[in-house]
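Read off the chains here:
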Amino acid sequence: NTITSIGLCWMISSYCIIWYFCPRLYEANTDMNSEYVVPSAIFLLNGWAMLIYQTLDNMDGKQARKTGSSSPLGLLFDHGCDALNSIFGSANWIAAMGLLPGSVNVLLGEEVGGANVQHRSYLSELLGGDVMIATFIIFSPMLAFYISTWEQYFTGKLVLPPFNGPSEGLLMGASLSFISYFYGPMFWQQTTWTDGIIAFLGDKGIQTFSAMEGRVRNLDIVVVSSILALVQELLGKVPSVIRSYGKEALRTLLPHIVFLISSIWIIMADSTILLRIPRTLCHLFSGLFVEHTTQIMLDHMVEEKFSSFRWVMLPQVALAVAMAAGMVFPNESVDSFFIAYAIGLWVYLAVKIKVHVNEICDVLGIWCFDIVSPHPKSKRD
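Residues numbered from 1 in each chain as written. Predicted model: local features only at pLDDT ≥ 70, side-chain atom pairs only at ≥ 80, totals over all residues. Heavy atoms only, no water.

Okay, the overall build of the protein chain next. A tally of regular secondary structure across the protein chain gives 14 helices and 0 strands. Each helix (α) and strand (β) of the protein chain, taken in turn from the N terminus, gives the series α-α-α-α-α-α-α-α-α-α-α-α-α-α. Its C-alpha radius of gyration of 22 Å places the protein chain within 12% of the 21 Å reference for a compact globule of 381 residues. Its C-alpha atoms give the protein chain principal-axis dimensions of roughly 75 × 50 × 45 Å. The buried share of the protein chain, taken over its 381 residues, is 49%. Pairs at least 24 apart in sequence give 80% of the contacts found in the protein chain among residues at least 6 apart. Accessible area for the protein chain stands at about 18100 Å²; split by element, carbon and sulfur atoms hold 66% of it. With 22 positive and 30 negative side-chain charges, the protein chain shows a separation of 9 Å between the mean positions of the two kinds. (Helix = DSSP H or I, 4+ residues; strand = E, 2+ residues; numbered from the N terminus. Rg over C-alpha atoms; globule rule 2.2 N^0.38 Å. Buried < 20%, exposed > 50% of the residue type's maximum accessible area, 1.4 Å probe, protein only. Contact = heavy atoms within 4.5 Å. Areas by Shrake-Rupley, 256 points an atom, 1.4 Å probe, with all protein chains shown as cover. Lys, Arg positive; Asp, Glu negative; His and termini not counted. Charge placed at Lys NZ, Arg CZ, Asp CG, Glu CD.)

Next comes the structure, spelled out in structure tokens:
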């Protein structure tokens, strides 16, 4: 657990430093921010933090088995840190690519914004703007992680695909950060990869893809690759688990579906919310995700039935329903609501995690971060 925590501390440190320089996520995009230059060294730090986290995340289980300290608490702690780390990686990737989580017209005006590469991107046009690309980057790792945990709840096995978040995903994220360090975040807003391929094919007399020239950004290729990996994960697991476990599988999948739909609906209904309070929403979404994901892990560990009713989601679901019904709220009120909601949620989670960890330690007769000192309730005593 100590090894896992050290790795997570690297990611938290990297996240906080990038948060300082890119509070609204898009400050590294020089088309949007001309007030100051974001130091590229923060992306070098993020790349190393991801590699360190991946290495320590792979080491912790081996170390536990080597020292004979492997326990259900270690499994829960490890996967809980992975769930929490999801938002750190996603937010840092958005910042490292200079991705604007909203319409460029809001910041630059229609006349200037209309000429920006965001409006020329095929993928941005297909998905409904860069705000939806940012939304995908935030929620796709969460969805993939929950599906793996959901499958484990029923089968007792954690089966990762050939391309998975804890290994290849972190490697890809680290590589992305290193490229941002060496070539600058605006590299991802350029169309050099696709344009180079089109030029090569043109030299061979193939003009089929010439219409795509200047319309597929380098970041679009990364996002499309992630979409394909996510689809592979969903198709490989969801149908088989539903066929085997039927309605019970659908019931336990429901909380995450409600979480995704309500979150995405709020972002779609309020197109500027990720420009106004991106960090607050990231923290809130992370808290809601960690709450129901760690709960299904815990219920699997103690062989209890997972409750599909997650009361912590009620405020968000209520707001999403109100927005769907056509109700309009002042931006200041919505922003204050989400700030208070996120703070309250994380206070609750901190207490919940502390209570559960202490209870598990008492039952197993172990300490969370100490394998040397005897526990008062240890069976060895």
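Read on, since the account is not over.
Another point: the pattern of salt bridges. For the structure on display, the rule yields 10 salt bridges. For Arg276, the salt bridge identified is with Asp335, shortest N-O distance 2.9 Å. Placement of the pair is Arg276 in helix H11 (residues 273–276) and Asp335 in helix H14 (residues 331–364), with a sequence separation of 59 residues. For the salt bridge of Glu291 with Arg310, the shortest nitrogen-to-oxygen distance reads 2.7 Å. Remark: Arg310 occurs in the loop between helix H12 (278–302) and helix H13 (314–324) and Glu291 occurs in helix H12; sequence separation between them is 19 residues. Taken individually, Glu291 and Arg310 each receive the classification buried, so the pair is uniform in this respect. Taken together, the shared-partner salt bridges in this structure form one network comprising Asp130, Arg217 and Asp220. (Salt bridge = Lys/Arg side-chain N within 4 Å of Asp/Glu carboxyl O.)

With that settled, consider the packing of aromatic side chains. Under the defined criterion, the tally for this structure stands at 20 aromatic pairs. The interplanar angle of 90 degrees and the centroid separation of 5.1 Å between the aromatic rings of Tyr153 and Phe154 together place this pair among those described as edge-to-face. The exposure class of Tyr153 is buried, given its relative accessible area of 14%. Ring geometry for Tyr183 against Phe187: centres 5.7 Å apart, planes inclined by 35 degrees, an arrangement best described as tilted. Using a relative accessible area of 63% as the deciding quantity, one classes Tyr183 as exposed. The buried category is assigned to Phe187, whose relative accessible area is 12%. (Phe/Tyr/Trp six-rings, centres within 6.5 Å; stacked < 30°, edge-to-face > 60°.)

Now for the packing of H13 against H14. Between H13 and H14, whose axes approach to 11 Å, the crossing angle comes to 160 degrees. Taken as axis vectors, H13 and H14 run roughly antiparallel relative to one another. Considering only the axes of H13 and H14, their crossing is left-handed. Together, Leu314, Pro315, Gln316 and Leu319 of H13 and Phe337, Phe338 and Tyr341 of H14 make up the contact between the two elements. When grouped by side-chain class, the residues that make up the contact of H13 with H14 number 6 nonpolar, 1 polar and no charged. (Axes fitted to C-alpha atoms, helices over the stretch in contact; angles between N-to-C directions. Parallel < 35°, antiparallel > 145°, perpendicular 65-115°, else oblique. Left-handed = near helix turned anticlockwise from the far one by under 90°. Nonpolar A, V, L, I, M, F, W, Y, C, P; charged D, E, K, R; others polar.)

For the protein chain, per-residue confidence averages 88 on the pLDDT scale, and residues scoring 70 or more make up 90% of the total. Confidence, read as mean pLDDT per element, is least for helix H4 (residues 104–113) in the protein chain (65) and greatest for H13 (96). (pLDDT = per-residue confidence, 0-100.)

Okay, the environment of Asp82 next. Among the structural elements, Asp82 can be located in helix H3 (residues 72–96). In sequence terms Asp82 and Thr4 are 78 residues apart; their C-alpha atoms lie 9.2 Å from each other. For Asp82, the residues in contact, after removing those within four places along its chain, are Tyr53, Asp57 and Phe145. At a separation of 2.5 Å, a polar atom in the side chain of Asp82 contacts the side chain of Tyr53. (Polar contact = N/O pair within 3.5 Å; in protein donor to acceptor, adjacent residues only side chain to side chain.)

On to the layout of surface pockets. When its volume is computed, the second largest pocket comes out at roughly 530 Å³. Lining the second largest pocket are 21 residues, and of these Phe77, Gly80, Thr294, Ile353 and Val357 sit closest to its centre. When residues of the lining of the second largest pocket are traced back to their parent elements, those giving at least two are H3, H12 and H14. Examining the composition of the lining of the second largest pocket, we find that 8 residues originate from one element, H14, more than from any other. When grouped by side-chain class, the residues that make up the lining of the second largest pocket number 16 nonpolar, 4 polar and 1 charged. (1 Å grid on protein atoms, 1.4 Å probe; cavity = no way out; pocket = protein on both sides within 12 Å on 5 of 7 lines; lining within 4 Å. Points joined across faces, edges and corners; volume = space filled by probe spheres on them.)

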